[in-house]
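# Structural overview for review
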Amino acid sequence: MKTVIIGAGRGCRAVQELVIGQRLTTLSLEIAGVVDPDTDAPGMVFAREQGWPTFTDMYTALQLPGLELVIELTGQDVVRDQIFQRIPSRV
């Protein structure tokens, strides 16, 4: 499932490690991008090390072709609301 992760803190890093370790047996995630305004956030650094695209602008990431899932890990209502306003209907 082509996925964008928004919020690249420790939770993002934990999800990334689950994907790398293939420990999500019932959900096959393909990380299409990681989004955070902080380019030094743990999940952003790890994403670059893995060769995954990183974005500081979530609107660009939400327009990726074939996107199927968005995982929001910021815990901020304003970010969640912005996602729902801009997310394509197919996601």
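To start, this report covers the structure provided alongside it. Residue indices begin from 1 for each chain and proceed along its sequence in written order. Per-residue local features of the predicted model are confined to residues with pLDDT of at least 70, and side-chain atom pairs are confined, for both listing and counting, to 80 or more; whole-chain, interface and lining totals are unaffected and use all residues. Computation of side-chain values covers all heavy atoms of the structure but excludes hydrogens and water.

This paragraph deals with the overall build of the protein chain. Strands here are runs of E lasting at least two residues and helices are runs of H or I lasting at least four, both read from the DSSP assignment and numbered beginning at the N terminus. Helix and strand counts for the protein chain come out as four helices and four strands. The linear arrangement of helices and strands in the protein chain, starting from the amino end, is β-α-β-α-β-α-β-α. Taking 12 Å as the expected radius of gyration for a compact globule of 91 residues, we find that the protein chain reaches 12 Å, a close match to that expectation. Overall, the C-alpha framework of the protein chain stretches about 35 × 30 × 20 Å when taken along its three principal axes. Using C-alpha atoms as the atom set, the radius of gyration is obtained and then compared with a globule rule of 2.2 Å times the number of residues to the power 0.38.

A few words now on the packing of aromatic side chains. What counts as a ring pair is set by centres within 6.5 Å for rings of Phe, Tyr and Trp (its six-membered ring), and what kind of pair is set by the plane angle: stacked under 30 degrees, edge-to-face over 60, tilted for all other angles. For the structure shown, the criterion picks out one aromatic pair. Taken together, a centroid distance of 6.2 Å and an interplanar angle of 70° make the contact between Phe46 and Trp52 edge-to-face. Remark: exposure states derive from per-residue accessible area (1.4 Å probe, protein chains only) relative to the maximum for the residue type, with buried under 20%, exposed over 50%, and partly exposed in between. Its relative accessible area of 8% is what places Phe46 among the buried residues. Judged by its relative accessible area of 16%, Trp52 falls in the buried class. In this structure, Arg86 is placed above the aromatic ring of Tyr59, and the distance from its NZ or CZ to the ring centre is 4.0 Å. Whether a charge sits over a ring depends on NZ of Lys or CZ of Arg being within 6 Å of the ring centre and within 35 degrees of the ring normal.

This part covers the sheet that holds strand β1 (residues 2-6). Only strands that DSSP links by at least two bridges are regarded as paired with each other. An order of β3-β2-β1-β4 is seen for the four strands of this open sheet, with the pairing classed as parallel. Strands with a single pairing partner mark the edges of an open sheet, and in this sheet they are β3 (54-55) and β4 (69-72). Across five bridges, the pairing between β1 and strand β2 (residues 30-35) is parallel. Looking across to β2, one finds that Lys2 is bridged to Glu30.

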